[in-house]
Amino acid sequence: MNLSIIIPLLNEQESLPELHQWIVNVMTAHKYSYEVIFIDDGSTDDSWRIIESLSKENGNVKGIRFMRNFGKSQALHAGFAKAQGDVVITMDADLQDSPEEIPDLYKMVMNQDYDLVSGWKKKRYDSVVTKNLPSKLFNWAARKTSGVHLNDFNCGLKAYKNTVIKNIEVSGEMHRYIPVLAKNAGFSKIGEKVVIHQARKYGESKFGVSRFINGFLDLITIWFLSRYGKRPMHLFGAGGVLMFIIGFIATGFIISIKLIRLYSGFKTVLVTENPLFYIALTAMIIGSQLFLAGFLGEIILRTKNNEERYKISSEVNL
């Protein structure tokens, strides 16, 4: 199979029939073998009924329905698990991503041997204040932190080799950082293509300004996981040992000064009356806690089990 097209959605009943027909026209024109996997992330409108209807009309249409809203990352994870195409395309269901871009993305993966190609919405039809400017700041920070030089990390339109999506774990809200996850997994050939961004035709955006706050927090998380996710002791253990040594040396200094003054017959004060004593004590306590945090992190890594990510209530044609 040439293509798997994964489309996560939430309350997009108006756009689904039009999007489906648009995809079919493109697939037919280029004679691709394909599957379209709609993931209904807990919609409360008629989105799932429409997906069922489309699946009956077109055997290439498949669907997964979550019992409630679990988020875009979980929807993509479910779609990745089912995808069978040589090239996997992800796109949004709101008609702002154009299926006409799929053939070029497919060629970049198959002919130019890219592991992943991310869309770049160079010209956007969004609010400058609430979306465009925060997005530019967010993408700048992501480039500097991750070392992946993309202009638009959050573009939903992306193309992947099948091997890429089978070897990455998309959890939490990490869908924004799939290129970084791919890089960390060893897939280094990551490209970018300018894509058309269309004005939203139906409904409202499901994401508010809070997504940028969450995005920056997730960026810190993925930076930490990239560097220390498999060796937490290297960070916490090293910091803990350093703090403990500082506290230990300070304690030794306090005791030495006390003994010297006693031996010399000078007046001394109680150790507990010396402010440095409490600094030393605090440093030793913090050092011990950091070391234990690193040690526990190592244990968790070796004993962790897969947690429940989402619950599926229905599937169609899978």
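Up top you'll find the structure we're talking about.
Residues numbered from 1 in each chain as written. Predicted model: local features only at pLDDT ≥ 70, side-chain atom pairs only at ≥ 80, totals over all residues. Heavy atoms only, no water.

S.K.: So what about the packing of aromatic side chains? Which residues, and what values?
M.R.: Applying the stated rule across the entire model yields five aromatic pairs. Over the face of the ring belonging to Phe 70 we find Arg 68, whose NZ or CZ atom lies 4.0 Å from the ring centre. Directly above the ring of Tyr 114 sits Lys 189, whose terminal nitrogen or CZ lies 5.1 Å from the centroid. (Phe/Tyr/Trp six-rings, centres within 6.5 Å; stacked < 30°, edge-to-face > 60°. Lys NZ or Arg CZ within 6 Å of the ring centre and 35° of its normal.)

S.K.: Give a description of unusual backbone geometry that names residues and reports values.
M.R.: A positive phi angle, close to 55 degrees, is found at Lys 31, a residue other than glycine. Structurally, Lys 31 is set in the loop between α1 (16–30) and β2 (34–40). Of note in this structure, Asp 113 is not a glycine but carries a positive phi near 60 degrees. Locating Asp 113 in the fold gives a position in the loop between α4 (102–110) and β5 (116–120). (Helix = DSSP H or I, 4+ residues; strand = E, 2+ residues; numbered from the N terminus.)

S.K.: Requested: an account of the pattern of salt bridges, with residues and values cited.
M.R.: Counted under the stated rule, the structure contains eight salt bridges. Put simply, Glu 35 and Lys 62 hold a salt bridge, and the shortest N to O gap is 2.7 Å. Here Glu 35, found in strand β2, pairs with Lys 62, found in strand β3 (residues 61–66); they are 27 residues apart in sequence, far enough to count as distant. Lys 62 matches Glu 35 in its accessibility class, with the two residues each being buried. Between Lys 82 and Glu 315 there is a salt bridge, and its shortest N-O distance comes to 3.8 Å. On the criterion of sequence distance, the pair formed by Lys 82 in helix α3 (residues 72–82) and Glu 315 in strand β8 (residues 312–316) is long-range, its members being 233 residues apart. Lys 82 gets classed as partly exposed once you look at its relative accessible area, which sits at 33%. Members of the salt-bridge network, linked through shared partners, are Asp 113, Asp 115 and Lys 161. (Salt bridge = Lys/Arg side-chain N within 4 Å of Asp/Glu carboxyl O. Buried < 20%, exposed > 50% of the residue type's maximum accessible area, 1.4 Å probe, protein only.)

S.K.: Hey, could you go over empty space enclosed by the protein for me, with residue numbers and the actual values?
M.R.: If a probe the size of a water molecule is rolled over the atoms, the empty space left behind becomes visible. Evaluation of the coordinates by the stated rule reveals one cavity of 30 Å³ or more. A volume near 80 Å³ is recorded for the largest cavity. Around the largest cavity sit Lys 72, Leu 76, Thr 90, Phe 153, Asn 154, Cys 155, Gly 156, Lys 158, Tyr 160, His 175, Arg 176 and Ile 178, which together line it. Elements with a minimum of two residues in the lining of the largest cavity: α3 and β6 (158–161). (1 Å grid on protein atoms, 1.4 Å probe; cavity = no way out; pocket = protein on both sides within 12 Å on 5 of 7 lines; lining within 4 Å. Points joined across faces, edges and corners; volume = space filled by probe spheres on them.)

S.K.: So, α4: which residues are in play, and what are the values?
M.R.: Of all the residues in α4, the buried ones are Ile 102, Pro 103, Leu 105, Tyr 106, Met 108 and Val 109. Tucked inside the fold, the buried residues of α4 contact β1 (3–9), α1, β4 (87–90), β5, β6 and β7 (190–194). (Contact = heavy atoms within 4.5 Å.)

S.K.: Can you break down the side chain of Ser 118 residue by residue, with the values?
M.R.: When you line up the elements, Ser 118 lands in strand β5. Aside from chain neighbours lying at most four places away, what touches Ser 118 is Leu 150, Asp 152, Leu 157, Lys 158, Gly 191, Glu 192 and Lys 193.

S.K.: Please provide a residue-by-residue account of the packing of helix α9 (residues 232–264) against helix α10 (residues 275–303), values included.
M.R.: One can describe the packing of α9 onto α10 by two numbers: an axis separation of 7 Å at closest approach and a directional angle of 160 degrees. Classified by the angle their axes make, α9 and α10 are roughly antiparallel. Pair α9 / α10 crosses with left-handed handedness. Residue classes in the contact of α9 with α10 are distributed as 21 nonpolar, nine polar and one charged. (Axes fitted to C-alpha atoms, helices over the stretch in contact; angles between N-to-C directions. Parallel < 35°, antiparallel > 145°, perpendicular 65-115°, else oblique. Left-handed = near helix turned anticlockwise from the far one by under 90°. Nonpolar A, V, L, I, M, F, W, Y, C, P; charged D, E, K, R; others polar.)

S.K.: So what about the packing of α1 against helix α2 (residues 47–57)? Which residues, and what values?
M.R.: Interhelical geometry of α1 versus α2 gives an angle of 30 degrees and a closest axis separation of 10 Å. One element, α1, and the other, α2, form an angle in the roughly parallel class. With respect to the hand of their crossing, α1 and α2 are arranged in right-handed fashion. Taken together, the residues of α2 that come into contact with α1 (itself represented by Leu 16, Pro 17 and His 20) are Ser 47, Ile 50, Ile 51 and Leu 54. Across the contact of α1 with α2, the residue classes break down as five nonpolar, two polar and no charged.

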